[in-house]
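The primary structure of each chain is shown beneath.
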Amino acid sequence: KIEAHNDWIETFMSLGAIGSIIFIWLWISAYQTYRRFCDSDIKFLFGLVMSLLFVRTFFSMSIGDIYVYSTSILGYCLACEYRHRNSLPRKKYWS
């Protein structure tokens, strides 16, 4: 089996046009998620990790080789943003 050393070409060769559209949609939605972050530190961290992963897609078969550290950082960023967006003033049930 011949493999491309580029995720974009490999995705197109393996999954066709529909798979490529889904792959592009994945990166567009990651960018949209980045734009919605409120906290600048978390936004920087998320953007840094996503930028590194995006650049790797051009030089290696990296989509299946995302390390635990990268996914842990992305999960942390998303959890912080979720907590920030859903943090409402707590009601006092006692005086």
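The following refers to the structure shown. (Residues numbered from 1 in each chain as written. Predicted model: local features only at pLDDT ≥ 70, side-chain atom pairs only at ≥ 80, totals over all residues. Heavy atoms only, no water.)

## A short note on a nonpolar patch on the surface
Here comes step 1: On the surface, Phe 54, Val 55, Phe 58 and Phe 59 cluster together to form a nonpolar patch covering roughly 400 Å² of accessible area.
Here comes step 2: Here Val 55 is to be found in helix H2 (residues 40-56).
Here comes step 3: Judged by relative accessible area, which is 44%, Val 55 ranks as partly exposed. (Patch = residues over 30% accessible without salt bridge, like charges linked within 9 Å, V, L, I, M, F, W, Y side chains within 5 Å. Areas by Shrake-Rupley, 256 points an atom, 1.4 Å probe, with all protein chains shown as cover. Salt bridge = Lys/Arg side-chain N within 4 Å of Asp/Glu carboxyl O. Helix = DSSP H or I, 4+ residues; strand = E, 2+ residues; numbered from the N terminus. Buried < 20%, exposed > 50% of the residue type's maximum accessible area, 1.4 Å probe, protein only.)

## Things to note about the side chain of Thr 11
Here comes step 1: Tracing the backbone shows Thr 11 in helix H1 (residues 7-36).
Here comes step 2: Setting aside chain neighbours within four positions, we find Thr 11 in contact with Gly 16, Gly 19, Ser 20 and Phe 23. (Contact = heavy atoms within 4.5 Å.)

## What to know about the packing of H1 against H2
Here comes step 1: Between H1 and H2, the shortest axis-to-axis distance is 11 Å and the interhelical angle comes to 165 degrees. Judged by the angle between their axes, H1 and H2 are roughly antiparallel. The hand of the H1/H2 crossing is left-handed. Taken together, the residues of H2 that come into contact with H1 (itself represented by Trp 8, Trp 27, Ala 30, Thr 33, Tyr 34 and Arg 35) are Lys 43, Phe 46, Gly 47, Met 50, Leu 53 and Phe 54. (Axes fitted to C-alpha atoms, helices over the stretch in contact; angles between N-to-C directions. Parallel < 35°, antiparallel > 145°, perpendicular 65-115°, else oblique. Left-handed = near helix turned anticlockwise from the far one by under 90°.)

## Some points on the nonpolar core
As a rule of thumb, nonpolar side chains are buried together in soluble globular proteins.
Here comes step 1: With 12 residues, the main nonpolar core is built from Phe 23, Trp 27, Ala 30, Phe 37, Ile 42, Phe 46, Val 49, Met 50, Leu 53, Leu 74, Cys 77 and Cys 80.
Here comes step 2: Among the elements of the structure, H1, H2 and helix H3 (68-85) are those that each provide at least two residues to this core.
Here comes step 3: Of all the elements, H2 adds the most residues to this core, at 5 residues.
Here comes step 4: With near-sequence residues (within four places) excluded, Ala 30 lies in contact with Phe 46 and Met 50. (Core = buried A, V, L, I, M, F, W, Y, C linked by side-chain atoms within 4.5 Å.)

In short, the description is geometric, and any link to function would need to be established separately.
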